[in-house]
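Residue-level structural notes
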Amino acid sequence: MLKTLDIENIAVIEKTTVDFSSGLNVLTGETGAGKSIVVDSINAILGERTSKELVRHGAENAYVSAYFEDVSETVHEKLNELGFESEEDNSLLLTRKISAFGKSSCKINGKSATVSMLKEIGNVLVNIHGQHDSQALLNPDFQYKYIDMLFDDSMALDEYKKSFKELISVRRRLKALTSDETDKERRLELLDYQINELEEADIKVGERDELSKRKALINKSEAIAAALNTALLAVNGDEEASGIQSLINDNFNSLSAFDEAKDICELFADINDKLEGVKDKIDLLFSSIDFDPNELEQIEERLDLLYKFSHKYGETEEEMLAFLDDAKAQRNSIIYSDEELEKLSTQYDELFEKTVRLAQRLSDKRKATAKLFENSVKSELEFLDMPKLKFVVSFEKGNLSSTGFDKIEFLISTNPGEPPKPLSKIASGGELSRIMLAIKNILSYNDTIGTLIFDEIDTGVSGRASQKIGLKLKSVSKNTQVICVTHSAQIASNADEHFLIQKEFIGDRTYTKVTALDFEARKNELARIMGGIHITDTLLKSAEEMLSSQEDI
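The rules we used
- Residues numbered from 1 in each chain as written.
- Predicted model: local features only at pLDDT ≥ 70, side-chain atom pairs only at ≥ 80, totals over all residues.
- Heavy atoms only, no water.
- Helix = DSSP H or I, 4+ residues; strand = E, 2+ residues; numbered from the N terminus.
- Rg over C-alpha atoms; globule rule 2.2 N^0.38 Å.
- Buried < 20%, exposed > 50% of the residue type's maximum accessible area, 1.4 Å probe, protein only.
- Contact = heavy atoms within 4.5 Å.
- Salt bridge = Lys/Arg side-chain N within 4 Å of Asp/Glu carboxyl O.
- Phe/Tyr/Trp six-rings, centres within 6.5 Å; stacked < 30°, edge-to-face > 60°.
- Lys NZ or Arg CZ within 6 Å of the ring centre and 35° of its normal.
- Pairing = 2+ DSSP bridges.
- Axes fitted to C-alpha atoms, helices over the stretch in contact; angles between N-to-C directions.
- Polar contact = N/O pair within 3.5 Å; in protein donor to acceptor, adjacent residues only side chain to side chain.
- Core = buried A, V, L, I, M, F, W, Y, C linked by side-chain atoms within 4.5 Å.
- Parallel < 35°, antiparallel > 145°, perpendicular 65-115°, else oblique.
- Left-handed = near helix turned anticlockwise from the far one by under 90°.
- Nonpolar A, V, L, I, M, F, W, Y, C, P; charged D, E, K, R; others polar.
- Patch = residues over 30% accessible without salt bridge, like charges linked within 9 Å, V, L, I, M, F, W, Y side chains within 5 Å.
- Areas by Shrake-Rupley, 256 points an atom, 1.4 Å probe, with all protein chains shown as cover.
- Lys, Arg positive; Asp, Glu negative; His and termini not counted.
- Charge placed at Lys NZ, Arg CZ, Asp CG, Glu CD.

**Considerations on the overall build of the protein chain**
- Along its length, the protein chain carries 20 helices and 15 strands.
- Against the globule reference of 24 Å for 553 residues, the protein chain gives a C-alpha radius of gyration of 43 Å, more extended than a compact globule.
- Along the first, second and third principal axes, the C-alpha set of the protein chain runs to 145 × 70 × 40 Å.
- In the protein chain, buried positions account for 42% of the 553 residues.
- Taking the contacts inside the protein chain whose residues are at least 6 apart along the sequence as the reference set, 71% of them involve residues at least 24 apart.

**What about the pattern of salt bridges?**
- On inspection of all chains with the given rule, the structure shows 20 salt bridges.
- Two residues, K472 and E380, come together in a salt bridge whose shortest N-O distance is 2.7 Å. Taken together, the residues K472 in helix α17 (residues 463-476) and E380 in helix α14 (residues 337-383) connect sequence positions 92 residues apart. We note that K472, like E380, is buried.

**Regarding the packing of aromatic side chains**
- The final tally for this structure, using the stated rule, is nine aromatic pairs.
- A ring pair is formed by Y348 and F352, whose centres lie 6.2 Å apart and whose planes are at 25 degrees; its orientation type is stacked. Linking Y348 with F352, this pair stays in helix α14, spanning four residues, or about one helical turn.
- Ring geometry for F373 against F391: centres 5.7 Å apart, planes inclined by 75 degrees, an arrangement best described as edge-to-face. Here F373, found in helix α14, pairs with F391, found in strand β9 (residues 390-401); they are 18 residues apart in sequence, far enough to count as distant. In terms of burial, F373 and F391 fall into one category: buried.
- One aromatic cluster is present, formed by Y146, F373, F391 and F410 through successive ring pairs.
- Across the ring face of F151, the terminal group of K365 is positioned such that the distance to the ring centre comes to 5.1 Å.
- Its end group placed over the ring of F383, K468 keeps NZ or CZ at 5.0 Å from the ring centre.

**Points about the sheet that holds strand β10 (residues 404-413)**
- Strand order in the open sheet formed by three strands is β9-β10-β11, and the pairing between neighbours is antiparallel. The open sheet has two edge strands with one neighbour each: β9 and β11 (421-422).
- Across nine bridges, the pairing between β9 and β10 is antiparallel. Along β10, the bridge assignment pairs V392 with L411.
- In the packing of α14 onto the sheet, the strands contacted are β9 and β10, and the crossing angle to β9 comes to about 170 degrees.

**Structural notes on the sheet that holds strand β1 (residues 2-10)**
- Strand order in the open sheet formed by six strands is β2-β1-β4-β5-β6-β7, with antiparallel pairing between adjacent strands. At either end of the open sheet lies a strand with only one pairing partner, and these are β2 (13-19) and β7 (111-113). Between one strand axis and the next, the sheet turns by 15 degrees as a mean value, whatever way the strands run.
- Examined bridge by bridge, strand β4 (residues 61-68) and strand β5 (residues 92-99) share eight bridges and lie antiparallel to one another. Bridge pairing in β5 links Y67 to L93.
- Against the sheet, helix α1 (residues 35-45) makes contact with β1, β2, β4 and β5, and its axis sits at roughly 105 degrees relative to β1, the strand it touches most.

**Details of the side chain of S413**
- By the secondary structure assignment, S413 is in strand β10.
- A polar contact of 3.0 Å, which involves the side chain of S413, links it to the backbone oxygen of N415.
- Looking at S413, its side chain comes within polar contact range of the main-chain oxygen of E418, at 2.6 Å.
- Aside from chain neighbours lying at most four places away, what touches S413 is K388, L389, K390, E418, P419 and P420.

**Here we look at the pairing of strand β3 (residues 24-28)**
- Among the five residues that make up β3, five are buried, leaving the element largely enclosed by the rest of the structure.
- Residues L24, V26 and T28 line one face of β3 and the alternating positions N25 and L27 line the opposite face, and both faces are buried.
- Bridge count for β3 against strand β13 (residues 481-485) is four bridges, and the pairing is parallel. What sits directly across from V26, in β13, is C484.
- Summarising the sheet, β3 and strand β14 (residues 497-506) pair through four bridges and their orientation is parallel. Directly across from V26, in β14, lies its bridge partner H498.

**A word on the pairing of β14**
- Both β14 and strand β15 (residues 509-516) contribute to a ladder of eight bridges, which runs antiparallel. Its bridge partner lying in β15, F505 is registered against T510.
- Hairpin connection, β14 to β15: the antiparallel pair is bridged by two residues, and G507 has positive phi, about 65 degrees.

**So, the nonpolar core**
- In this structure, L137, F373, F410, I439, F454 and L473 are the most contacted members of the largest nonpolar core, which totals 57 residues.
- If one sorts the elements of this core by residue count, helix α16 (residues 429-443) sits on top with eight residues.
- Every residue in contact with F373, bar those within four places of it in the chain, is listed here: Y146, I147, L150, F391, V393, F410, I439 and I442.
- Among the nonpolar cores identified, the runner-up in size contains 45 residues, and V71, F84, I108 and I501 belong to it.

**Some remarks on the packing of helix α6 (residues 155-177) against α14**
- Where α6 meets α14, the axes come as close as 8 Å, and the angle between the chain directions of the two elements is 155 degrees. What the angle tells us is that α6 and α14 run roughly antiparallel. Relative to α14, α6 is oriented so that their crossing is left-handed.
- Class assignment of the residues belonging to the contact of α6 with α14 gives a composition of 17 nonpolar, five polar and nine charged.

**So, a negative patch on the surface**
- A cluster of like negative charges, contributed by D70, E85, E87, E88 and D89, occupies part of the molecular surface.
- Examined against the element boundaries, D70 turns out to sit in the loop between β4 and α2 (73-81).
- Relative accessible area serves as the criterion here: at 59%, D70 is assigned to the exposed category.

**Points about the side chain of K279**
- Here K279 is to be found in helix α11 (residues 262-288).
- Residues within four places of K279 in sequence aside, it is in contact with L232, V235, N236 and Q245.

In short, geometric facts, not functional conclusions.
So this is what it looks like as structure tokens:
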């Protein structure tokens, strides 16, 4: 339910906080006082379109925030679907900033969100019903939902949806397999080419790196060989000069005759051994840079091929080989598609038969529920002073869809002897509001929407009917929070929480404030609604009797 609504710089409301109760909340006030601004603010926080004109004159930004308590599991599921975390205490905070320059920013539980996200959450939080806001009730595409909400269990609907989903999946696979034969041949030809090209290439994982290193070594092999020859000359010497090893050996021989030089001779012997090791490594490196003159050309050709393949089949050798495996799998799928086609066709026929059977079972359940629904709506409307209105749930059989094959439409006849016609073409604003109220009362135990808002439901309704509407709103509010904007004293007297919306003029500025009324203030407001400018003792007494009678209920 909506617990707290904070409004700042919206139209003539500078700043106000409204704390709603869990039952029936009523907003009253003189025409033009700003009751619609409160509803507009709620619409804004629910993701509806707004205008920069909504921002109070002289302010840069307007703010609305709504704090909800005890949100339903449906709301939690929607939050998770949109990527938001649910609060452990089942609360939810929605905020929206509207700029005078036309920009808007939204948050859900403190996390940035889009307006469309706000609207998706709003759809499962609050249902606002006004004289011109009846899309869900008037649209035949949505009327089946009212019947389904009355099911004692959802097994028939769940089983049908599961079967229909499987049917669609098999149909898509069938459609893919039964594609144009020319396209199939073209794909097979392309796959054969790709497979042959990759298999002939005989790609090895890591070979591009090895080839690149080998190419780099070959490109600098001449410089390496020159350096090795210089190093070898320094060790061995030549005809013109003695090398390091020869000089060491000469010194070793001249010193070996002296015992005193034994340690030096041992060091010379160690150096000589290391120089032999150096020569071995030089020979080994010479061997590694010894290459066929055609090798570099072959390496470059192979690297060019791998580079070309990297653009066609994948950046790495692993990706190229994975492409090859996938191409083989696709080829096999096409080759064996006739066998798969026969298998899927059989599966489709079985699923279609099952889905039609489940759709019929769902339809039978809906028709039985619709009869009870018709009787309940009739009973509710009789209470709401519409005894002659005939309400019918019409069924026609259509194509299978995600909701079954039923085409359901609500029909009404407002005059005896007249055939029922679509609700959207017959009902007036006042009638539509009462029909919606009747339906909401029937659904109140099953509806997952936590808050219902009725905007001037009493328009065009007499005092007696208003009293009945007030009692019905009170009844609905025992299971679902109700917020009602009204001009009717009979409706307002049923409120659990009564708010007065009134204008004040301070200097050259207009201010609207929202005040929660106590018993005495409610009495005066009811007397004002009933009597207008002159509030007499008789009106006050009548208002007090109305309030007292509600306390006794």
